[in-house]
Amino acid sequence: MKKILVTGGAGFLGSHLCERLLKESHDILCVDNYFTGTRSNIVHLMNNYQFEVMRHDVTFPLYVEVEEIYNLACPASPIHYQFDPVQTTKTSVHGSINILGLAKRVKAKVFQASTSEVYGDPKIHPQPESYWGNVNTIGSRSCYDEGKRCAETLFFDYYRQHKLRIKVARIFNTYGPRMHPNDGRVVSNFIIQALKNEPITVFGDGCQTRCFCYVDDMIEAFIRFMDTPDDFIGPVNLGNPNEISVMELAKEILDLTGSSSKLVHKALPSDDPKKRQPDISLARQRLNWDPKVTLEEGLNRTIEYFDNLLREQEQVQLL
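Remember, it's a predicted structure, so these values are computed and weren't measured experimentally. (Residues numbered from 1 in each chain as written. Predicted model: local features only at pLDDT ≥ 70, side-chain atom pairs only at ≥ 80, totals over all residues. Heavy atoms only, no water.)

Student: Tell me what's going on with the pairing of strand S5 (residues 109–115), and back it up with residues and numbers.
Tutor: Of all seven residues making up S5, seven are buried, and the element is well covered by its neighbours. With four bridges connecting them, strand S4 (residues 68–71) and S5 associate as parallel partners. The partner of Ile69 across the bridge, within S5, is Val110. Two strands pair when backbone bridges link them, and S5 and strand S6 (residues 166–171) are joined in this way by six bridges, in the parallel orientation. Bridge assignment links Val110 to a residue of S6, and that residue is Ile166. Following the chain from S5 across helix H4 (residues 142–162) to the adjacent parallel S6, one finds a crossover that is right-handed. (Buried < 20%, exposed > 50% of the residue type's maximum accessible area, 1.4 Å probe, protein only. Helix = DSSP H or I, 4+ residues; strand = E, 2+ residues; numbered from the N terminus. Pairing = 2+ DSSP bridges. Right-handed = clockwise from strand over helix to strand, strands pointing away.)

Structure, rendered in structure tokens:
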């Protein structure tokens, strides 16, 4: 049993991680400022005596005693991270400095949730960890992309300078229950629009590709990575390498929901990558990990979640 801090613990990935760590009988301190995380994601954990919640913004120092840290704190969808881009950069940079300082003080092992966005709009396909990326430093997405790149720099400098035990994971597109319904991501957008029989918004011609990893598979990778020897620090790509176009995804969701929605096309946002696919050879080799949940199975679980969420919202409106 360990004392583990999860920043961003009330968010999509954070809440699933807290749930998994509690099942392994660890003491969990969930820290979140509720900018994108919600209490509803963790309310089912509140009665567990090993679960503690603290409302806190990681851009301010945190003084707690823990053995391991998972740093997941940062808005991860364009709608949310572009809402206050300066704060987004501060969350990645100041937040990392504060979390690394805490880890140094208490000698904790610390996991950094980095992102495939460090590769930008890649020129290499699929993307290996050795690829340095193709990123616009002054674009509308740069607050997130460059913030995460700087955070990786800080983690590796703390490793080299202070011998900190670090794990840096580059997370590719992940989906599943508890995604924020208004985060603007393609899976949640398509599902909600389909369930409401509203037009499904496809940006560009829909030929851009993505790879989608179900949340349970991603959390399994987190745990396995954190349990590796201290000399394996990453960065390591975590994601599902099965590539699908945005148009194919839209049609799949239409089929699974039985929706009467029509497809509508809008202009592609600036700096939106045309292709995104992880090379997970390193994760397969060092973590003995491969995603297990098929896209159809994962989408069905996610559709069920959003269907229930929409029904609950309708009932509240009727009261």
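What follows continues from the structure just given.
Student: Any chance you could break down the pairing of strand S1 (residues 3–7) for me, citing the residues and the numbers?
Tutor: Taking burial as the measure, the five residues of S1 include four buried ones, the bulk of the element. Strand direction decides the pairing type here: S1 and strand S2 (residues 27–32), joined by five bridges, are parallel. For Ile4, the partnering residue across the bridge sits in S2 and is Ile28. This β-α-β element, S1 to helix H1 (residues 12–23) to S2, shows right-handed connectivity. Pairing of S1 with S4, which is carried by four bridges, proceeds in the parallel orientation. Bridge assignment links Thr7 to a residue of S4, and that residue is Asn71.

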